[in-house]
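Given next are the chains, with one letter for each unit.
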Amino acid sequence: MELFLNNKLFVGGLSWGTTDKELMEAFSPYGTVTEAKVIKERDSGRSRGFGFVTFDSEAEATAAAEALNDTELDGRSLRVDFAHDKR
């Protein structure tokens, strides 16, 4: 069974050059970002093209998802959705 993490967003379609800081700056206008992490390959340290952004509240995460899905960051179209717990 997949559980929704209601204040954590999956962000796909990131540019290879997007940093944690840039991800945080893009999402922070919508609320208090507690964590913004670009996922990197273990060996090379290169971005895998996606990341996660965690907000203080579900309302902030919802506002950010609605505002930023299908928008551009660093020349790439973002796909923003709620993250799922893998359990």
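**Student:** How should the overall build of the protein chain be read in this particular structure?
**Tutor:** Secondary structure assignment for the protein chain yields 2 helices and 6 strands. The order of α-helices and β-strands along the protein chain, N terminus first, is β-α-β-β-α-β-β-β. Its C-alpha atoms give the protein chain a radius of gyration of 12 Å, near enough to 12 Å, the size a compact globule of 87 residues would have. Within the protein chain, the fraction of its 87 residues that count as buried is 34%.

**Student:** I'm lost on the pattern of salt bridges in this one. Help?
**Tutor:** Where charged atoms from two side chains of opposite charge approach closely, those side chains can pair. Applying the stated criterion to the full structure yields 1 salt bridge. Ionic pairing is found between Lys21 and Glu25, a salt bridge with its closest N-O pair at 2.6 Å. Of this pair, Lys21 and Glu25 both sit in helix α1 (residues 20-27), separated by 4 residues, roughly a single helical turn. On the accessibility criterion, Glu25 (46% relative accessible area) is partly exposed.

**Student:** Help me out: how do you make sense of the packing of aromatic side chains in this one?
**Tutor:** The relation between two aromatic rings is expressed through the spacing of the ring centres and the mutual angle of the planes. One pass over the structure, following the stated rule, counts 4 aromatic pairs. Taken together, a centroid distance of 5.8 Å and an interplanar angle of 70° make the contact between Phe10 and Phe52 edge-to-face. Remark: Phe52 occurs in strand β3 (residues 47-55) and Phe10 occurs in strand β1 (residues 3-12); sequence separation between them is 42 residues. On the basis of relative accessibility, which here comes to 18%, the residue Phe10 falls in the buried class. Each ring, one from Phe27 and one from Phe55, has its centre 6.5 Å from the other, and the planes form 55°; the classification is tilted.

**Student:** Looking at this structure, I do not really get the environment of Ser28. What am I missing?
**Tutor:** Along the polypeptide, Ser28 turns up in the loop between α1 and β2 (33-40). A relative accessible area of 35% places Ser28 in the partly exposed class. Within polar-contact distance, the side chain of Ser28 engages the backbone oxygen of Glu25 at 3.4 Å.

Definitions and cut-offs
- Residues numbered from 1 in each chain as written.
- Predicted model: local features only at pLDDT ≥ 70, side-chain atom pairs only at ≥ 80, totals over all residues.
- Heavy atoms only, no water.
- Helix = DSSP H or I, 4+ residues; strand = E, 2+ residues; numbered from the N terminus.
- Rg over C-alpha atoms; globule rule 2.2 N^0.38 Å.
- Buried < 20%, exposed > 50% of the residue type's maximum accessible area, 1.4 Å probe, protein only.
- Salt bridge = Lys/Arg side-chain N within 4 Å of Asp/Glu carboxyl O.
- Phe/Tyr/Trp six-rings, centres within 6.5 Å; stacked < 30°, edge-to-face > 60°.
- Polar contact = N/O pair within 3.5 Å; in protein donor to acceptor, adjacent residues only side chain to side chain.

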